[in-house]
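Here are the chains, one letter per residue:
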Amino acid sequence: MLVSWKWLNELVEIKKTPEEVADLLTMSGIEVEGITSMSLDSKNLKVGLLEEVNKHPQADKLLICRVDIGGGEKRTIITGAANVAVGQKVPVALPGAVLTGGKKIEQAILRGVVSEGMLCSAEELGIDVDKIPVEQRKGIYIFPTTVSAGDDVVKVLNLDDVVLELELTPNRADCLGMLNIAREVAALTGGNLHLPVVKGSQEGQECARMTRVDIEAADLCKRYVARLIKDIQIVPSPLWLQQRLMAVGVRPINNVVDVTNYVMMETGQPLHAFDYDRLQGKRIVVRKARENEELVSLDGQLRKLVPEMLVIADAEKPVAIAGVMGGLETEVTTATKIILLEAASFHGASVRRTSRALGLRSEASLRFEKTVDIEQVRLTADRVVQLLAQIGAGTPVEGCVDCYPVQEEKQPIKLRVKKVNQVLGTALLPEIMEEILKALQIKVVEKNQEGWLLLPPSYRRDLEYEVDLIEEIARLYDYDKISTTMPEGVTSQGMRTAEQKLRYKMRKTMVAQGLFEVINYSFINLQQLDSLGIPNGDPLRETITIQNPLSEEQGMMRTTLLPGLLATVQRNLNKRNKNLKFFELGKVYFADGFPAKKKLPTEKWMLAAVSTGEKVKSWAYEAEKYDFYYLKGVVENLLEGLGYTVDELVFQAVDDLPGLHPGRTALIKVKGKKIGVLGEVHPLVLEKYEIEQKLAMFNFEVESLWAEEVVQKALVVPITKFPAVTRDLAIIVSEEVETGAVDELIRKQGGAWLQEVSLFDLYRGQQIQEGYKSLAFSLTWQAPDKTLTDEEVNSLHQKIEAALQQEFRADLRH
């Protein structure tokens, strides 16, 4: 945002230098990034009237000009510019003048004729040529007829102005208008404000009879004001208006456009003018674009519109892109007789999306994106009408159309004196606080012993909470006056929670077993659930759809970690990494009625792992397949490290889990409760992921472990000095009998002296009836307080044999 120092001085009384004001603004949170000033010698730059223009007798391309520089003084000046003519008023640099770039003007003799100065171009005067009409960019700069010979060029062209460049933060969009910058300076310096007085219009009257406004998209346009101006005359703007616009970085175009831009820079409210006679139905409709609608914008480009874009339309078609750019068809031209002036409040996010989609960014869209002061919309329209009438550009039509469907009702903010001092670490008196609030034009609705109920001005839309008002008090009181203090309060030692400790221990145990941790995106798509064979109605289908996904492949939150792990395996296999062991510890997400039941989705921590390939044989160890039994060992080691005993862990065979191989899948149970699944991934699933080798997996809910409080402290058990007794037990059972069930029964019947049960042989073949299998276990017995006798061990052994015969009809092998 560029701020003209001269313009600012007209709006507020300032007794400080630009540098001092810049420092005040910066220290109050409105950073002044730079200060630009001109350095022309105003004593020797005059406006001159060309009385005679004759060809140089000794040079075809030179002209001898007789120039009246005021006060009856006349000079002869030679120029090579071809655009000069008698009666023009031009800038004259007399001997001694110093132009832009340090060029010093002296009297010179050109082909025998004395030249007493120089006629100047815009560039030589330091004017930004991009901000002036094309015809003024080359040759001598021509003044309008309203200036007088002898006038100071620097004063006329505003070349002695100083420009402050502000770097505004997003919350201070109010400072995108000169009036609010003046209010800020007044609050900081105590200077009196001299804001323009605007005569307000009344709703209805002749204007309402000539046009109508309908807002069909009330969520994207909260207010729309239309005013009419007739007898329009399109001419260049007065010089003061052009110079003021150029000072703040805006190129003058014509009187109507310049006035709308001037008021935008003054108030921060963008405006737009339509050619009233080109509006079909002589009405305005604020609506969303329709399918396949197009608009040729003011820059001559054909813009394809989509239904998400807000447009300004007449009775038939779009005539402008709301908050971004007007349409070429309703552009104000020299043929325009009546204009319809628009002042509105559009939804900031909608304008931003449209602006980005079309690649159009302007001063207007910048302000709409940050939200304008909705309460001042009609006043800014009235200000434009007032200025147009003032410069003779047209005649106002009485009244206005103000479509304001739902008026805003701002709630007062409670501000407590104690809270202010507590947050700032100060001891400010209430009187000082109230003085600052008054300077900021914050209205006191109610005052009590605790503090105040306050209503911020409508243009300060960033003031919403008590802390915002506290910040305002700190800004104006001066941060340098607030002493530096150390934070106070009761501190506590930082440590992990019990759940964090559980997850940390899981990670360490998995890594210690040689698995690599991976972290995948939390987003999946329906095709991945289809690939896993998850049926409709399964809880894993209770997904949460993402409103703005990064891509179609990431359109919903994951309900299982398996798709990400399988994709990681696939990528590694494609790179010829065949032997893989991965795990992931992360969250899954279930809709659980969201959003229909108006409650948040359910999040669960899960641990999952996959393995495929083998541990390659070496001189130190044999080859080991990364299969079902490998991961079974990983699970056992993990849970044992978390405090389980072998007796509490059971793997129960299951055949009907989607995505897993029947007969090679088991439920993981702890203390009789299911916590997860271990199994081999179904070949059809592997085929869809283009994985051509067997792959095992497991997953379980971390929270189920925490809920069961299975994480126990490790117990120190003394080593007994009494010897152990080992016995083998071989039985023949039906194929239908699960080995795990046999193991569980042996442990149950063995009692406290049975320390270890190990399956060391599984045999099918000769001497074993078809449909049966031979299981051989090694049983280790040991007592902590005595040496066991053969009779005691035999008794327990026989008890186990009897139980196996009764439960599983087992035959003993001797």
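Residues numbered from 1 in each chain as written. Predicted model: local features only at pLDDT ≥ 70, side-chain atom pairs only at ≥ 80, totals over all residues. Heavy atoms only, no water.

Colleague: Is there a simple way to explain the overall build of the protein in this structure?
Modeller: Within the protein, the secondary structure is distributed over 21 helices and 40 strands. Taking 28 Å as the expected radius of gyration for a compact globule of 814 residues, we find that the protein reaches 43 Å, considerably beyond that expectation. The dimensions of the protein, computed from C-alpha atoms along their principal axes, are 140 × 65 × 60 Å. When the 814 residues of the protein are sorted by exposure, 48% land in the buried category. Of all intrachain contacts in the protein linking residues separated by at least 6 positions in sequence, the fraction that spans at least 24 positions is 68%. (Helix = DSSP H or I, 4+ residues; strand = E, 2+ residues; numbered from the N terminus. Rg over C-alpha atoms; globule rule 2.2 N^0.38 Å. Buried < 20%, exposed > 50% of the residue type's maximum accessible area, 1.4 Å probe, protein only. Contact = heavy atoms within 4.5 Å.)

Colleague: Would you mind showing me how to read the sheet that holds strand β38 (residues 754-763) here?
Modeller: Across a sheet, paired strands are connected by hydrogen bonds in the backbone, their directions being either parallel or antiparallel. Pairing is antiparallel across the open sheet formed by four strands, whose spatial order is β38-β39-β37-β40. The sheet terminates laterally at β38 and β40 (811-812), the two strands that pair on one side only. Direction of pairing for strand β37 (residues 725-734) relative to β40: antiparallel, over a ladder of two bridges. Bridge pairing in β40 links Ile-732 to Asp-811. Across the sheet, helix α20 (residues 739-750) lies against β37, β38 and β39 (772-781), angled at about 30 degrees from β39, the strand it touches most. Along the sheet, helix α21 (residues 790-808) contacts β37, β39 and β40; its crossing angle with β37, the most-contacted strand, is approximately 15 degrees. (Pairing = 2+ DSSP bridges. Axes fitted to C-alpha atoms, helices over the stretch in contact; angles between N-to-C directions.)

Colleague: Would you take a moment to explain a nonpolar patch on the surface for this structure?
Modeller: A grouping of Val-296, Leu-298, Leu-302 and Leu-328 is seen on the molecular surface, where their side chains present a nonpolar patch of about 290 Å² in accessible area. Mapped onto the fold, Leu-298 is located in the loop between β15 (294-296) and β16 (302-304). (Patch = residues over 30% accessible without salt bridge, like charges linked within 9 Å, V, L, I, M, F, W, Y side chains within 5 Å. Areas by Shrake-Rupley, 256 points an atom, 1.4 Å probe, with all protein chains shown as cover. Salt bridge = Lys/Arg side-chain N within 4 Å of Asp/Glu carboxyl O.)

Colleague: Any chance you could explain the packing of helix α4 (residues 178-189) against helix α7 (residues 255-267) here in plain terms?
Modeller: Think of two packed helices as two axes; the pair is described by the angle between the axes and how far apart they sit. For the pair α4 and α7, the least separation of the axes is 4 Å and the interaxial angle reads 30 degrees. In terms of axis orientation, α4 runs roughly parallel to α7. Listed contacts from α7 to Met-178, Leu-179 and Asn-180 of α4 are Met-265, Glu-266 and Thr-267. Per-class residue counts for the contact of α4 with α7 are three nonpolar, two polar and one charged. (Parallel < 35°, antiparallel > 145°, perpendicular 65-115°, else oblique. Nonpolar A, V, L, I, M, F, W, Y, C, P; charged D, E, K, R; others polar.)

Colleague: Would you explain the side chain of Arg-223 in this entry?
Modeller: Of note, Arg-223 is situated in strand β12 (residues 221-230). Owing to a relative accessible area of 6%, Arg-223 belongs among the buried residues under this scheme. For Arg-223, the side chain forms a polar contact with the main-chain oxygen of Ile-374, separated by 2.9 Å. With residues up to four places along the chain from it excluded, the contact list for Arg-223 reads Ile-215, Ala-343, Ala-344, Ser-345, Ile-374, Glu-375, Val-377, Arg-378, Asp-402, Cys-403 and Tyr-404. (Polar contact = N/O pair within 3.5 Å; in protein donor to acceptor, adjacent residues only side chain to side chain.)

Colleague: Mind showing me how you'd approach the confidence of the model for the protein here?
Modeller: Any region with low pLDDT has predicted coordinates that should not be read closely. On average, residues of the protein score 90 in pLDDT, and 98% of them reach the 70 mark or higher. Mean pLDDT values for the elements of the protein range from 76 in helix α19 (residues 702-707) up to 96 in strand β26 (residues 516-517). (pLDDT = per-residue confidence, 0-100.)

Colleague: Can you walk me through a negative patch on the surface in this structure?
Modeller: Judged by side-chain charge, Glu-19, Glu-20, Asp-23 and Asp-480 come together as a negatively charged surface patch. Judged by its relative accessible area of 46%, Asp-23 falls in the partly exposed class. (Lys, Arg positive; Asp, Glu negative; His and termini not counted. Charge placed at Lys NZ, Arg CZ, Asp CG, Glu CD.)

Colleague: Would you explain helix α10 (residues 377-390) in this entry?
Modeller: Within an α-helix, residues lying three or four positions from one another point in the same direction, as the helix has 3.6 residues per turn. Compared with the 20 Å implied by 1.5 Å per residue over 14 residues, the 20 Å span of α10 between its first and last C-alpha is a close match. Every buried residue belonging to α10 is among Val-377, Thr-380, Ala-381, Asp-382, Arg-383, Val-384, Val-385, Leu-387 and Leu-388, and all of these are buried. Gly-392 occupies a position one or two residues after α10 and carries a positive phi of about 75 degrees. (Expected span 1.5 Å × (residues − 1).)

Colleague: Which parts of the structure should I look at to understand the state of the cysteines?
Modeller: Here a disulfide denotes a covalent bond joining the sulfur atom of one cysteine to the sulfur atom of another. This structure, assessed with the given rule, holds zero disulfides. Note on Cys-65: no disulfide assigned, nearest cysteine sulfur contributed by Cys-120 at a separation of 13 Å. For Cys-65, a relative accessible area of 1% gives the class buried. Residue classification places Cys-120 among the buried residues on the basis of a relative accessible area of 0%. (Disulfide = S-S within 2.5 Å.)

Colleague: Would you take a moment to explain the pattern of salt bridges for this structure?
Modeller: Side chains carrying opposite charge are able to pair once their charged atoms draw close together. Within this structure, the stated rule accounts for 47 salt bridges. Here Glu-680 and Arg-664 are joined by a salt bridge, their closest N and O atoms 2.8 Å apart. Residue Glu-680 is found in strand β35 (residues 673-681), and its partner Arg-664 is found in strand β34 (residues 660-670); the two are separated by 16 residues along the sequence. With relative accessibility at 9%, the residue Glu-680 sits in the buried group. The salt bridge partner of Lys-786 is Glu-792, with a shortest N-O separation of 2.6 Å. Put simply, Arg-172, Asp-174, Glu-184, Arg-460, Asp-462, Glu-472 and Arg-475 are held in one network by salt bridges that share partners.

Colleague: Got a minute to help me understand the pairing of β39 in this structure?
Modeller: Working note: regular strand, side chains alternate between the two faces of the sheet. Counting buried positions along β39 gives nine out of ten residues, so the element sits mostly inside the fold. Bridge analysis of β37 against β39 gives ten bridges, and the strand direction is antiparallel. Across the sheet, the residue bridging to Val-733 is Lys-773, located in β39.

Colleague: Explain the side chain of Ser-611 to me, please; I cannot follow it from the model alone.
Modeller: Its location among the elements puts Ser-611 in strand β30 (residues 602-612). With relative accessibility at 1%, the residue Ser-611 sits in the buried group. A distance of 3.2 Å separates the side chain of Ser-611 from the backbone oxygen of Tyr-626, its partner in a polar contact. Sequence-distant contacts of Ser-611, defined by excluding residues within four places in its chain, comprise Leu-580, Lys-581, Tyr-626, Asp-627, Tyr-630, Leu-631, Lys-694, Leu-695 and Ala-696.

Colleague: Sorry if this is basic, but what is going on with the packing of helix α11 (residues 417-424) against helix α13 (residues 466-477) here?
Modeller: With their axes 10 Å apart at the nearest point, α11 and α13 run at an angle of 65 degrees to one another. For the element pair α11 / α13, the angle class is roughly perpendicular. At the point where α11 passes α13, the crossing takes the right-handed sense. The segment α11 lies against α13, with Lys-419, Val-420, Val-423 and Leu-424 engaging Glu-466, Ile-470, Ile-473 and Ala-474. Partitioning the contact of α11 with α13 into residue classes produces six nonpolar, no polar and two charged. (Left-handed = near helix turned anticlockwise from the far one by under 90°.)

Colleague: Sorry, what's going on with the sheet that holds β30 here?
Modeller: Across the sheet, which stays open at both edges, the seven strands sit in the order β26-β29-β30-β36-β35-β34-β33 with mixed pairing between neighbours. Of all the strands in the sheet, just β26 and β33 (649-653) have a single pairing partner and so form its edges. Each of β26, β29 (580-590), β30 and β36 (695-701) is contacted by helix α14 (residues 498-512), which is oriented at about 160 degrees to β29, the strand it contacts most. The sheet strands contacting helix α17 (residues 628-641) are β29, β30, β33, β34, β35 and β36, and the helix crosses β36 at an angle near 25 degrees.

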